[in-house]
Amino acid sequence: MKLARFIAVGLVLAFLTGAGVVAWTRDTPGDGVPYVTDSRGRALILRGFNTSSSAKSTPDALPEFTEADLQREYGDMGTNFVRFLIQWRAVEPTPGTYDTKYLDKVAERVGWYAKRGYHVMLDMHQDLWGSGITPEGGAGNGAPGWATHLDGLPVATDQPTWEMYYLEPGVIRAFDHFWNTTGDHPELMDHYAGAWKAVAARFKDEPAVLGYDLMNEPWGGSVQGAAFESGPLAELYRRCIAQIRSVDDDSWIFLEPQAVGANWGLPSALPHFDDPRPGPPMIGFAPHLYPLPLDLGDDYTAGSKEWTDRTMGWWRDNTLRTARRIGGPVILGEFGLDMTRPGAADLVNRVQDLGLSMSYWSRDPGAWGPYDDKGKPTPLVAIYNRAYPRAIGGVPRKISYGDRSLTVVFDANETGPSEFYLPNGGTASEGESTWDPSRHILTVKTKTTGIVTLTITLK
Ligand code: MNI
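Here's a quick rundown of the structure. Note that the structure is predicted; figures quoted are calculated from it, not measured. (Residues numbered from 1 in each chain as written. Predicted model: local features only at pLDDT ≥ 70, side-chain atom pairs only at ≥ 80, totals over all residues. Heavy atoms only, no water.)

The subject of this paragraph is the layout of surface pockets. Quantified by volume, the largest pocket comes out at close to 930 Å³. Taken together, 42 residues line the largest pocket, and the ones lying closest to its centre are Trp-162, Glu-163, Tyr-290, Asp-295 and Trp-368. Contributing elements (two or more residues each) for the lining of the largest pocket: helix H1 (3–17), helix H9 (259–262), helix H10 (292–295) and helix H12 (344–352). Looking at the lining of the largest pocket, its residues break down into 25 nonpolar, 6 polar and 11 charged. Reported here for the second largest pocket is a volume of approximately 720 Å³. Looking at the second largest pocket, it is lined by 35 residues, and the ones nearest its centre are Thr-37, Asp-38, Ser-39, Arg-40 and Leu-210. Mapped onto the lining of the second largest pocket, the elements with two or more residues apiece are strand S6 (209–213) and strand S11 (388–392). Residue composition of the lining of the second largest pocket, by class: 16 nonpolar, 8 polar and 11 charged. (1 Å grid on protein atoms, 1.4 Å probe; cavity = no way out; pocket = protein on both sides within 12 Å on 5 of 7 lines; lining within 4 Å. Points joined across faces, edges and corners; volume = space filled by probe spheres on them. Helix = DSSP H or I, 4+ residues; strand = E, 2+ residues; numbered from the N terminus. Nonpolar A, V, L, I, M, F, W, Y, C, P; charged D, E, K, R; others polar.)

Here the structure, examined in full by the defined rule, presents 26 aromatic pairs. Ring centres 5.2 Å apart and planes at 85 degrees place the aromatic pair Phe-335 and Tyr-360 in the edge-to-face group. Remark: Tyr-360 occurs in strand S10 (residues 357–360) and Phe-335 occurs in the loop between strand S9 (331–332) and H12; sequence separation between them is 25 residues. One aromatic cluster is present, formed by Trp-88, Trp-129, Trp-146, Trp-162, Tyr-166, Phe-175, Phe-178, Trp-179, Tyr-192, Trp-219 and Phe-228 through successive ring pairs. Directly above the ring of Phe-203 sits Arg-202, whose terminal nitrogen or CZ lies 5.6 Å from the centroid. Against the face of Tyr-401 rests Arg-386, its NZ or CZ located 6.0 Å from the ring centre. (Phe/Tyr/Trp six-rings, centres within 6.5 Å; stacked < 30°, edge-to-face > 60°. Lys NZ or Arg CZ within 6 Å of the ring centre and 35° of its normal.)

We now examine the pairing of strand S3 (residues 47–51). Counting buried positions along S3 gives 5 out of 5 residues, so the element sits mostly inside the fold. Regarding topology, helix H2 (residues 67–77) serves as the crossover connection from S3 to the parallel strand S4 (residues 81–86), and that connection is right-handed. (Buried < 20%, exposed > 50% of the residue type's maximum accessible area, 1.4 Å probe, protein only. Right-handed = clockwise from strand over helix to strand, strands pointing away.)

So, on to empty space enclosed by the protein. Applying the stated criterion across every chain, the model contains 5 cavities of 30 Å³ or more. Put simply, the largest cavity is a space of about 80 Å³. If you go around the largest cavity, the residues you meet are Pro-29, Val-33, Pro-34, Tyr-35, Val-36, Leu-44, Ile-45, Pro-329, Val-330, Gly-355, Leu-356 and Ser-357. Counted by class, the lining of the largest cavity contains 10 nonpolar, 2 polar and no charged residues. Looking at the second largest cavity, its volume works out to about 60 Å³. For the second largest cavity, the full set of lining residues is Ile-45, Arg-47, Gln-352, Gly-355, Leu-356, Arg-386, Ala-387, Tyr-388 and Tyr-401.

Pasting the structure below:
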């Protein structure tokens, strides 16, 4: 039985008896939740891809992805962001040694993004702990073999779906050692934080690297829910924040909630964290969104569409609530689905209407990605190629997306200029505009103090 289905039934009932469908707005994310800002202090709207799942299993932990692939992505969709997968096994292949050659190769790829004005979030990816959970190595990814302690407990490989591995005794034990629930391996969390320090030391002076996503889809092993998020997960985050800030004061640090539950829209108990950097804190929230009905195999059509909208309303409210507690911006780190399924394009549109920064899962070729195995565009390309403000020269008050226009109201903060990605061009109601036809970027210089209302009429 699929784990999602196993845990899901009760949750669906909870959703059904809960609040009605939350009203959809096509504007700003929510009161009290700030925006990610760039080094000049402009508010950023980030749109891009997870690049890529292939990095989980390649021997060198690099994604199967070329500079030409990136060029095509920009030309087709005008993305400005990537959640770039890195792996602890590659950063720290033996305890306490950091692979500078691997980091150089990551840096080379970061350079491709930098050249095109992208922002990069490095994601320390794991699923199912690490490849060491099975002898064949095909199930998990992330953690190095030396940090994998199964204590001889079994990990059965005849799983109906990949998530079921999370419930295998050996996998739970590997996590219990990492979180020091067993008390046997107190060193592991410090190694992980040390690996982050090595990454931050390498990228602190690369302006394209916006920040760090500390752990993909955390799983608590035998400690779950609020006890996990406010206990060992918070402890790991505190240690990572301390190590990163010992070398890097001005990158964003993004935290993920426990994946089970939060991915579907349930609340997270992640607490507030102090940021030891000088100046305002730069700690944000990067949850994932996989609406439950779709996880259960339904399409975004008919009755399940209503359920999905309902769970997405919960997801939005709970995400913003946690972000307010953390006191930082939200990046939707992952959402995605099989684009060949009925209603898939509508769902992607709906997620874009949330108005958040986001990275689609994932950039890999196939039915979920923008291009299929033969390189042919899937319906995702047309849907993801949407006009958006990439950078705003102030603090946004309201961003509204109309069918043929885009309006941004902001409190100018002497930064600027504002930049818009416009697939087919457009004109600005205010200020001095420059159009870059090769990049499809409209750059608009407006007044640099006071409230600015800027409407872009789309062609
Ligand atoms: O669906 C999940 C997911 C389900 C269950 C669990 N646990 C039981 C811990 C964890 C995660 N994840 C969705 C996507 N995230 C990964 C990469 O981060 C992708 O491969 C999945 O499609």
